[in-house]
Amino acid sequence: MKVSISIGAYNRVDVVGMVDYIQQAEKLGVTYAWSAEAWGHDAVTSLGYLAAKTEKIILGTGIMQISARTPSMTAMTALSLANLSKGRFILGLGVSGPQVVEGLQGVSYRGPLGRLKENVEIIRMAFRGEKVAYEGKHFTLPLPGGEGKSLRLDHPPCDIPIFLATLGPKSLEYTGAIADGWLGTSFSPDHPEAHMEFLKKGAKSAGRNLTDIELHSSCNVAIGENVQEMIDAHKPGVAFSMGAMGSEKTNFYNDAFKRAGYTDDALAIQRLWKDGKRQAAIDRVPDAMVTEFSAIGTKDMVRKRFETYRDAGINGLTLRLDSDLEISQRISQLERIMDLLPDRH
């Protein structure tokens, strides 16, 4: 089983201060480092810096928001990072959500899957070294009626893998059909059908198997004897995902938990959060909404959870550790985790 770590997310992150952690992770055999992009750090700058500070670890955007850049600029950025990292780059893309896209980027969130598809088609065209000429519903290049002409990017052709972070059924089908990898969240190995059913359907429609795709899932990990205390510590994150990650109308995280059988809980937590009753929302999170979507407990419990992820078809785990840990503590935790992983090599 391959292992990934994350850089950044929703908290302020000292990327320079994390270099030692990334380098130690590389020595321990961690395969990937994914840079997050929400409303703090962008997903690109840190990877350019880390490309010069690492040698083997694969660097990926987890994810680059498609609404924050034009497809051509995304392709140019990816090609530049592939060059800086000497081929150690993966382009992770996602649609984000209306809160960020419309609230922060100031562009319409309408038609997210259609925009994702057109982004991927234009980007792959650029990767192949072709002139970028495209006519779609969301993008037309060159701009009609303008003075521009189709251009070829000034990079040699490059086969950069594209991983997609998708959660909705149709988006999961699209991922199964065309992506090199999937960056999954809100995934429970106890309820894999909530995601895998749609990935398989998409793969089958394109004459592929799921084994043709790298299937990664994020996984909160905590090891210790104080199991209930660790479970309770992760409930605020679940409540935040149910209530704040998206609008009341569009929340893919909430929908994923519903498909896993937690409809009543997900809706109740969301309503409490939207009503400003944050502590009540946290208190409403049942233990299972933590334990079935993570690996928390004693060493034996965590080892068995990793095996459950593997048996559900996941071949890459993106580890989510306590963000409050000091770097030395994270490294120590990572060492313990690596010893518990099945089929690590």
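First, a word on scope: everything that follows refers to the structure included in this document.

All right, on to the overall build of the protein chain then. Helix and strand counts for the protein chain come out as 13 helices and 12 strands. For 345 residues, the compact-globule estimate of 2.2 N^0.38 gives 20 Å, and the C-alpha radius of gyration of the protein chain, at 20 Å, lies within 12% of that figure. For the protein chain, the spread of C-alpha atoms along the principal axes amounts to about 65 × 45 × 40 Å. The buried share of the protein chain, taken over its 345 residues, is 51%. The contacts in the protein chain between residues at least 6 apart in sequence include a share of 72% that link residues at least 24 apart. For the protein chain, the exposed surface amounts to about 16000 Å²; the carbon and sulfur share of it is 49%. For the protein chain, the distance from the average site of its 40 positive side-chain charges to the average site of its 41 negative ones is 4 Å.

On to unusual backbone geometry, then. The step from G62 to I63 runs through a cis peptide bond, and the omega angle for that step is 15 degrees. Relative to the helices and strands, I63 is located in the loop between β3 (58-61) and β4 (64-65). Cis geometry is found at the peptide bond from L141 to P142, where omega equals -5 degrees. When you line up the elements, P142 lands in the loop between β7 (140-141) and β8 (162-164). A positive phi angle, close to 60 degrees, is found at K86, a residue other than glycine. Looking at where K86 falls in the secondary structure, it is placed in the loop between α3 (71-84) and β5 (89-94). Residue K86 is classed as exposed on the basis of its relative accessible area, which comes to 78%. Its identity is not glycine, yet S186 carries a phi of approximately 50 degrees, on the positive side. As for its position among the elements, S186 is in the loop between β9 (181-184) and α7 (193-205).

The N-to-C vectors of helix α8 (residues 227-243) and helix α9 (residues 252-274) enclose an angle of 90 degrees; their axes lie 8 Å apart at closest approach. In this view, α8 runs roughly perpendicular relative to α9, as classed from their interaxial angle. Residues A239, F240, S241, M242 and G243 of α8 pack against Y253, N254, F257, A266, I269, Q270, W273 and K274 of α9. The class makeup of the residues in the contact of α8 with α9 is eight nonpolar, four polar and one charged.

In terms of nonpolar packing, the biggest core is built from 75 residues, with L91, L93, L116, F127, V221, F306 and L317 touching the most fellow members. Element by element, the count of residues in this core is highest for helix α5 (residues 112-127), at eight residues. Residues within four places of L317 in sequence aside, it is in contact with M1, K2, V3, S4, S217, C219, F306, Y309 and L341. Counting 21 residues, the second largest nonpolar core, distinct from the first, contains Y262, A281, I282 and M289.

Our focus in this paragraph is the environment of W273. Tracing the chain through its elements places W273 in helix α9. Look at W273 and you get buried, because its relative accessible area is 12%. In contact with W273, other than residues within four places in its own chain, are A239, F240, G243, A244, R278 and A281.

So, on to the packing of helix α6 (residues 169-178) against α7. α7 packs onto α6 with a crossing angle of 45 degrees between their chain directions and a minimal axis gap of 6 Å. With respect to their mutual orientation, α6 and α7 come out oblique. Considering only the axes of α6 and α7, their crossing is right-handed. Along its contact with α6, which presents P169, L172, E173, T175, G176 and A177, the element α7 presents A194, H195, F198, L199, K201, G202, A203 and S205. Here the contact of α6 with α7 is built from residues that sort into seven nonpolar, five polar and two charged.

In the structure shown here, the tally under the stated rule is seven aromatic pairs. Aromatic pair F187 and Y309: ring centres 6.3 Å apart, planes at 45 degrees, arrangement tilted. Separated by 122 residues along the polypeptide, F187 in the loop between β9 and α7 and Y309 in helix α12 (residues 299-311) bring together distant segments of the chain. The same class applies to F187 and to Y309, which are both buried. Through pairs of rings, three or more aromatic residues link up here, namely Y32, W34 and F163.

Where a strand is regular, its side chains alternate between the two sheet faces. Of all the five residues making up strand β12 (residues 316-320), four are buried; the element is thus mostly covered by neighbouring parts of the structure. Both strand β1 (residues 2-7) and β12 contribute to a ladder of four bridges, which runs parallel. Counted as the bridge partner of S4 is T318 from β12. Here five bridges tie strand β10 (residues 214-223) to β12, and the two strands are oriented parallel to one another. Pairing of N220 across the sheet is with R320, part of β12.

What counts and how
- Residues numbered from 1 in each chain as written.
- Predicted model: local features only at pLDDT ≥ 70, side-chain atom pairs only at ≥ 80, totals over all residues.
- Heavy atoms only, no water.
- Helix = DSSP H or I, 4+ residues; strand = E, 2+ residues; numbered from the N terminus.
- Rg over C-alpha atoms; globule rule 2.2 N^0.38 Å.
- Buried < 20%, exposed > 50% of the residue type's maximum accessible area, 1.4 Å probe, protein only.
- Contact = heavy atoms within 4.5 Å.
- Areas by Shrake-Rupley, 256 points an atom, 1.4 Å probe, with all protein chains shown as cover.
- Lys, Arg positive; Asp, Glu negative; His and termini not counted.
- Charge placed at Lys NZ, Arg CZ, Asp CG, Glu CD.
- Axes fitted to C-alpha atoms, helices over the stretch in contact; angles between N-to-C directions.
- Parallel < 35°, antiparallel > 145°, perpendicular 65-115°, else oblique.
- Nonpolar A, V, L, I, M, F, W, Y, C, P; charged D, E, K, R; others polar.
- Core = buried A, V, L, I, M, F, W, Y, C linked by side-chain atoms within 4.5 Å.
- Left-handed = near helix turned anticlockwise from the far one by under 90°.
- Phe/Tyr/Trp six-rings, centres within 6.5 Å; stacked < 30°, edge-to-face > 60°.
- Pairing = 2+ DSSP bridges.

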